[in-house]
Amino acid sequence: RLPAADKGTIEIRPVQHLDGVPAPRFDASSPPDTARYLLLCYDNDALWQQAGPAALCAAQAEAAGQTQLLAKRGQFVAASPLHAATTATSVRIRQGKRLVTDGPFAETHEFLGGYYLVDVRDLNDAIAIAAKHPGARVSTVEVRRLVDLSTLHLG
């Protein structure tokens, strides 16, 4: 039912619980003079398999620690790792017909592994947070400002 499915693809994947991550505060509005940014944390499964389970656990603990620091600074909104890309279901609407496929939106070496949603002053603050994420050392953290829909008037 989401309009994006008509021209793009909606990927559905469950989020994972990660010990040490604060409870999300989706219902809270952004503090004054801040903007909400989404940090999309991409992973390379082959690199993590090479590094081994201990390295992955250490990276997850580091990431959870970062969420605690963000919460103390009032910047944390939500964060979660996602289940493996192999658990994804992709939905597209083409010519009015729903197409549902098992698997991720795109075949790629990197896949969306999790996210952070933060309230920060500006893009530079969001970049600084992304640079501290352990995944940024081996893959990519994409930084995107969310569109403020609070002023949207639905007719």
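These notes cover the structure that comes with them.

Quick notes on the rules
- Residues numbered from 1 in each chain as written.
- Predicted model: local features only at pLDDT ≥ 70, side-chain atom pairs only at ≥ 80, totals over all residues.
- Heavy atoms only, no water.
- Buried < 20%, exposed > 50% of the residue type's maximum accessible area, 1.4 Å probe, protein only.
- Helix = DSSP H or I, 4+ residues; strand = E, 2+ residues; numbered from the N terminus.
- Arc of directions from axis to C-beta.
- Contact = heavy atoms within 4.5 Å.
- Polar contact = N/O pair within 3.5 Å; in protein donor to acceptor, adjacent residues only side chain to side chain.
- Pairing = 2+ DSSP bridges.
- Axes fitted to C-alpha atoms, helices over the stretch in contact; angles between N-to-C directions.
- Salt bridge = Lys/Arg side-chain N within 4 Å of Asp/Glu carboxyl O.

**Comments concerning helix α4 (residues 123-132)**
Piece 1. Those residues of α4 that sit buried are Asp 125, Ala 126, Ile 129 and Ala 130. Down the axis of α4, the sector holding all buried residues measures 140 degrees, keeping them to one side. Looking at α4, the residues exposed on the side facing more than 90 degrees away from the buried face are Asn 124, Ala 131 and Lys 132.
Piece 2. Elements in contact with the buried residues of α4: β2 (35-44), α3 (53-72), β6 (110-120) and β7 (140-145).
Piece 3. Regarding α4, its N-cap is Asp 122, as a side-chain oxygen of that residue lies 3.1 Å from the backbone nitrogen of Asn 124 further along.

**Focus on the pairing of β2**
Piece 1. Burial analysis of β2 places eight of its 10 residues in the buried class, which makes it a mostly covered element.
Piece 2. In this sheet, β6 lies alongside β2 in antiparallel orientation, the contact comprising 10 bridges. Among the inter-strand pairings, Asp 43 is bridged to a residue of β6, identified as Phe 111.
Piece 3. The sheet contact formed by β2 and β7 spans six bridges and is antiparallel. Note on β7: the bridge partner recorded for Leu 39 is Val 143.

**Section: the sheet that holds β2**
Piece 1. Spatially, the four strands line up as an open sheet ordered β3-β6-β2-β7, and their pairing is antiparallel. Of all the strands in the sheet, just β3 (76-81) and β7 have a single pairing partner and so form its edges. Sheet twist, expressed as the average angle between the axes of neighbouring strands with direction ignored, equals 20 degrees.
Piece 2. Packed on one face of the sheet, α3 meets β3 and β6 and runs near 15 degrees to β6.
Piece 3. Strand contacts of α4: β2, β6 and β7, with the helix running at about 30 degrees to β2, the strand carrying the most contacts.

**With respect to the pattern of salt bridges**
Piece 1. Enumeration according to the criterion identifies five salt bridges in this entry.
Piece 2. Glu 142 is the salt-bridge partner of Arg 144, the closest N and O atoms lying 3.3 Å from each other.
Piece 3. A relative accessible area of 48% means that Arg 144 is categorised as partly exposed.
Piece 4. Each of Arg 25, Arg 36 and Asp 119 takes part in salt bridges that share partners, so that together they form one network.

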